[in-house]
Amino acid sequence: MIKNFKGKTAVLTGAGSGFGLECARIGAKLGMNLVLVDVQQEALDRAAAEFEGQGVRVLARRVDVSDAAQMQALADEVRQQFGAPHFVFNNAGVGAGGLVWENTLEDWQWVLGVNLWGVIHGVRLFTPMMLEAAKADPSFEGHIVNTASMAGLLAPPNMGIYNVSKHAVVSLTETLYQDLRLVSDQISASVLCPFFVPTGINQSHRNQPAELRDQKPTKSQLIGQAMSDKAVGSGKVTAAQVAQKVFDAISADQFYIYSHP
């Protein structure tokens with residue numbers, strides 16, 4: 001049950017837009033230090049400027065979360081500047097559609113790299129740091145939130161890679177929660193499973209590596225993109241509302257966080 005957020009440090013991946021940005025906005029209001037991580041420099045700069053303008057202590061870094069060395073460098077810098085973070089939001093994610101046998105090796109590597117390996121790196125690097133801080137300080141409280149999706153609990157057609165990546169994040173986080181329970185009552189975890197919410201996830205192709213941008217999309221991928229544009233664009237629940245649910249869940253130590261009933 002975490003009630004006091006003031007002066008605590010949060011690491012947020014995918015912080016330039018969507019849930020990452022909205023969680024950072026709530027963190028700023030609560031007086032937290034923010035480590036903003038995104039692969040898009042412009043979005044990152046905009047977010048950093050917004051929070052620095054409010055007097056928030058900000059560390060903004062352009063990081064590809066799928067890259068182990070970049071994530072290690074980030075973790076080292078967070079430790080140097082702030083010590084162990086109290087909150088980690090492993091939120092960066094990309095969407096991809098298409099019939100599951102039509103996806104190329106590069107499609108699989110890109111989506112699993114961001115959606116799954118990004119979360120693995122966040123868990124692998126920050127959890128030990130937080131546990132060490134908890135051992136040293138009985139008043140230390142921490143929480144890790146991993147962003148999965150309703151596609152981590154269901155398996156809708158024509159979005160196989162995405163489903164696989166998000167099911168893996170749900171499984172990883174369920175295990176993380178239980179593993180933390182074995183060793184500490186000071187740190188917990190939650191998994192965020194949003195349904196369709198307007199966040200920009202449907203524009204993920206803006207961050208594709210060059211070799212994927214040159215690939216001609218298959219018919220099923222074009223249909224998948226159109227479906228995703230429509231569903232995400234017509235979402236009635238906002239990213240800001242979901243971010244509030246995330247903070248409510250942290251306060252209540254609630255594991256599953258849903259955007260919709």
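Higher on the page you've got the structure.
The residue count restarts for each chain, going from 1 along the sequence in the order it is written. Where local features are concerned, this predicted model is filtered to residues with pLDDT of at least 70; where side-chain atom pairs are given and counted, the filter is 80 or more; whole-chain, interface and lining totals use all residues. Computation of side-chain values: all heavy atoms of the structure, hydrogens and water removed.

Colleague: I would appreciate a short explanation of the sheet that holds strand E7 (residues 256-258) in the present structure.
Modeller: Hydrogen bonds between backbone atoms are what pair the strands of a sheet, whose relative direction is either parallel or antiparallel. Strands qualify as paired when DSSP identifies two bridges or more between them. Starting at the N terminus, helices and strands are each numbered in turn, a helix being any DSSP run of H or I of at least four residues and a strand any DSSP run of E of at least two. An order of E3-E2-E1-E4-E5-E6-E7 is seen for the seven strands of this open sheet, with the pairing classed as parallel. Strands at the two margins of the open sheet, each flanked by one partner only, are strand E3 (58-62) and E7. Along the sheet, successive strands turn relative to each other by an average axial angle of 15°, direction set aside. Judged from the five bridges that link them, strand E2 (residues 33-38) and E3 form a sheet pairing that is parallel. Opposite Val37, over in E3, you have Arg61 as the bridge partner. Orientation is described by axes fitted as lines to C-alpha atoms, over the contacting stretch for helices, and by angles from 0 to 180 degrees between their N-to-C directions.

Colleague: Can you help me understand unusual backbone geometry in this one?
Modeller: Trans is the common state for peptide bonds, and a negative phi is the common state for residues other than glycine. One non-glycine residue, Asn158, lies in positive phi territory at about 65°. Of note, Asn158 is situated in the loop between strand E5 (142-147) and helix H5 (160-183). Type-normalised accessible area, obtained with a 1.4 Å probe on protein chains alone, sets the label of each residue: buried when under 20%, exposed when over 50%, and partly exposed for intermediate values. Taking the relative accessible area as the measure of exposure, Asn158 reaches 17% and is therefore buried.

Colleague: Please clarify how a nonpolar patch on the surface should be interpreted in this entry.
Modeller: Residues Leu153, Leu154, Tyr256 and Tyr258 make up a contiguous nonpolar surface patch of about 350 Å² in total accessible area. Tracing the backbone shows Tyr256 in strand E7. Two joining distances apply to patches: 9 Å for like charges and 5 Å for nonpolar side chains (Val, Leu, Ile, Met, Phe, Trp, Tyr), and every residue must have over 30% relative accessible area and no salt bridge. Here the accessible surface of atoms and residues is derived via Shrake-Rupley with a 1.4 Å probe, and residues count as covered only by protein chains that are part of the display. For this document, the term salt bridge refers to a Lys or Arg side-chain nitrogen within 4 Å of an Asp or Glu carboxyl oxygen.

Colleague: Just checking my understanding: could you explain the pairing of strand E6 (residues 187-193) for this structure?
Modeller: Sheet faces and side chains relate simply in a regular strand, where the side chains alternate between the two faces. Extensive coverage of E6 is indicated by the burial of seven of its seven residues. Judged by which residues are buried, E6 turns out to be covered on both faces: Ile187, Ala189, Val191 and Cys193 on one side and Ser188, Ser190 and Leu192 on the other are all buried. Between E5 and its parallel partner E6, the chain crosses via H5, and the hand of that crossover is right-handed. As judged from the three bridges shared by E6 and E7, these two strands associate in the parallel manner. When the sheet's bridge partners are listed, Val191 is paired in E7 with Tyr256. With the strands pointing away from the viewer, any crossover whose connection runs clockwise from the first strand over the helix to the second is right-handed.

Colleague: Teacher, can you tell me more about the environment of Gln70 here?
Modeller: Within the secondary structure, Gln70 is located in helix H3 (residues 68-82). Exposure remark for Gln70: the relative accessible area of 31% places this residue in the partly exposed category. Linking Gln70 and His121, residues 51 residues apart in sequence, is a C-alpha distance of 9.9 Å. Contacts were defined at the residue level, with two residues in contact if any of their heavy atoms lie within 4.5 Å. Setting aside anything within four residues of it in sequence, one finds Gln70 in contact with Arg62, Val63 and Asp64. Polar contact is the term for a pair of N or O atoms within 3.5 Å; when the atoms are in protein, one must be able to donate a hydrogen and the other to accept it, and sequence-neighboring residues count only if both atoms are side-chain atoms. Here the side chain of Gln70 touches Asp64 through a polar contact of 2.7 Å, landing on its backbone nitrogen.

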